[in-house]
Amino acid sequence: MDIKRVKDYIYWLYYQYLLISCSYVLEPWEQSMFHTITVTVFAMVVYTAYVFVPIHVRLAFEFFSQIFGGQPDSTV
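Residues numbered from 1 in each chain as written. Predicted model: local features only at pLDDT ≥ 70, side-chain atom pairs only at ≥ 80, totals over all residues. Heavy atoms only, no water.

As recorded in an unreviewed UniProt entry, the protein goes by the name Serine palmitoyltransferase small subunit B, listed as coming from Psophia crepitans.

Take a look at the structure:
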């Protein structure tokens, strides 16, 4: 894969992000604050999904397996 094409594609994605979020009209210090807050919120959402979604999926699977006649776990 051509490095220049990858670099151009990343620049294009960043430009699309600037257009969608309308942050291209902000001053440089406002852009850095906006990007910092956006990255922080995104990281918190990813972390929360990584930690809590598997627990809820497992609990839902156990709940529905009990409702639909799954084998009970051993109490030993």
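Caption draft 1: Focus on the overall build of the protein. Regarding its fold elements, the protein presents two helices and zero strands. A burial count over the protein gives 5% of its 76 residues as buried. Only carbon and sulfur atoms are counted for the fraction: they give 72% of the accessible area of the protein, which is about 7200 Å². (Helix = DSSP H or I, 4+ residues; strand = E, 2+ residues; numbered from the N terminus. Buried < 20%, exposed > 50% of the residue type's maximum accessible area, 1.4 Å probe, protein only. Areas by Shrake-Rupley, 256 points an atom, 1.4 Å probe, with all protein chains shown as cover.)

Caption draft 2: Structural context of the UniProt feature "transmembrane region" (unreviewed entry) in the protein. UniProt records the feature "transmembrane region" (unreviewed entry) for residues 9-26 and 32-53 in the present numbering. The distance from the first to the last C-alpha atom of residues 9-26 is 23 Å, and the span holds 72% helix and 0% strand. Here residues 32-53 is 100% helix and 0% strand, with 31 Å between the C-alpha atoms at its ends. (UniProt positions renumbered as here; feature names shortened; annotations may be inferred.)

Caption draft 3: Focus on the side chain of Gln 31. One can find Gln 31 in helix α2 (residues 28-67). When sequence neighbours within four positions are dropped, the list of residues in contact with Gln 31 reads Leu 18, Ser 23, Tyr 24 and Leu 26. (Contact = heavy atoms within 4.5 Å.)

Caption draft 4: View of the pattern of salt bridges. Counted under the stated rule, the structure contains two salt bridges. One salt bridge in this structure joins Asp 8 and Lys 4, with 3.3 Å as the shortest N-O distance. Placement of the pair is Asp 8 and Lys 4 together in helix α1 (residues 3-21), with a separation of four residues, close to one helical turn. For Asp 8, a relative accessible area of 40% gives the class partly exposed. The closest approach of N and O atoms between Glu 62 and Arg 58, which form a salt bridge, is 3.0 Å. Residue Glu 62 and its partner Arg 58 are both found in helix α2; the two are separated by four residues, about one turn of the helix. Arg 58 sits in the partly exposed class, given a relative accessible area of 44%. (Salt bridge = Lys/Arg side-chain N within 4 Å of Asp/Glu carboxyl O.)

Caption draft 5: Structural view of the packing of aromatic side chains. According to the stated counting rule, one finds four aromatic pairs in the structure shown. Measuring from centroid to centroid gives 5.2 Å for Phe 63 and Phe 64, while their planes differ by 70°, and the two rings are edge-to-face. Between Phe 64 and Phe 68, the ring centres sit 6.3 Å apart and the planes meet at 15°, which makes this aromatic pair stacked. A network of ring pairs unites the aromatic residues Phe 63, Phe 64 and Phe 68 as a single cluster. (Phe/Tyr/Trp six-rings, centres within 6.5 Å; stacked < 30°, edge-to-face > 60°.)

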